[in-house]
Amino acid sequence: FSQAIVAAAFEEVDATPMEGFKASDVDEILDLRAKGLRSCVMLPLGYRDAENDWLVNLKKVRKPKEDLITEVK
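Residues numbered from 1 in each chain as written. Predicted model: local features only at pLDDT ≥ 70, side-chain atom pairs only at ≥ 80, totals over all residues. Heavy atoms only, no water.

## A short note on the overall build of the protein
And then number 1: Helix and strand content of the protein: 3 helices and 2 strands.
And then number 2: Starting at the N terminus, the α and β elements of the protein follow one another as α-β-α-β-α.
And then number 3: For the protein, the C-alpha radius of gyration of 18 Å lies well beyond 11 Å, the compact-globule estimate for 73 residues.
And then number 4: Every one of the 73 residues in the protein was classed for burial, and the buried ones make up 8%.
And then number 5: Within the protein, counting contacts between residues at least 6 apart in sequence, those at least 24 apart form 61% of the total.
And then number 6: Counting every atom, the protein has about 7,100 Å² of accessible surface; 55% of that belongs to carbon and sulfur.
And then number 7: Within the protein, the 14 negative side-chain charges are centred at a point lying 7 Å from the centre of the 11 positive side-chain charges. (Helix = DSSP H or I, 4+ residues; strand = E, 2+ residues; numbered from the N terminus. Rg over C-alpha atoms; globule rule 2.2 N^0.38 Å. Buried < 20%, exposed > 50% of the residue type's maximum accessible area, 1.4 Å probe, protein only. Contact = heavy atoms within 4.5 Å. Areas by Shrake-Rupley, 256 points an atom, 1.4 Å probe, with all protein chains shown as cover. Lys, Arg positive; Asp, Glu negative; His and termini not counted. Charge placed at Lys NZ, Arg CZ, Asp CG, Glu CD.)

In structure tokens, the structure reads:
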């Protein structure tokens, strides 16, 4: 899954993992069971609309590394 996100970034395509979808409904809509398949993840792909993206100019907030990583020696 992460390889797909990296591959999309390499091609300059936006991708974001999606959760909270009802897999059984997706399977039914796409007739996946008839093909011996089932859905387990969803990865929307596309291009951002920079002109209408109100988040694009907001300051990025990053937590200090020390708050996220515990180094064990």
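## Comments concerning the side chain of D27
And then number 1: Looking at the secondary structure, you find D27 in helix α2 (residues 23-29).
And then number 2: Residues in contact with D27, not counting those within four places in the same chain, are L32, R33, R38 and S39.

## Describing the environment of V13
And then number 1: For V13, the position within the fold is in the loop between α1 (2-10) and β1 (14-15).
And then number 2: You can call V13 buried: its relative accessible area is 18%.
And then number 3: Along the chain, V13 and L32 lie 19 residues apart, while their C-alpha atoms are 26 Å from each other.
And then number 4: Other than its neighbours up to four places away in sequence, V13 contacts A8, L45, G46 and Y47.

## Section: the pattern of salt bridges
And then number 1: Applying the stated criterion across every chain, the model contains 3 salt bridges.
And then number 2: Ionic pairing is found between D14 and R48, a salt bridge with its closest N-O pair at 2.8 Å. Here R48 lies in the loop between β2 (45-46) and α3 (65-68) and D14 lies in strand β1, a separation of 34 residues in the sequence.
And then number 3: D14 sits in the partly exposed class, given a relative accessible area of 27%.
And then number 4: The exposed category is assigned to R48, whose relative accessible area is 54%.
And then number 5: Residues K73 and E71 are paired through a salt bridge, measuring 3.8 Å at the closest nitrogen-oxygen approach. (Salt bridge = Lys/Arg side-chain N within 4 Å of Asp/Glu carboxyl O.)

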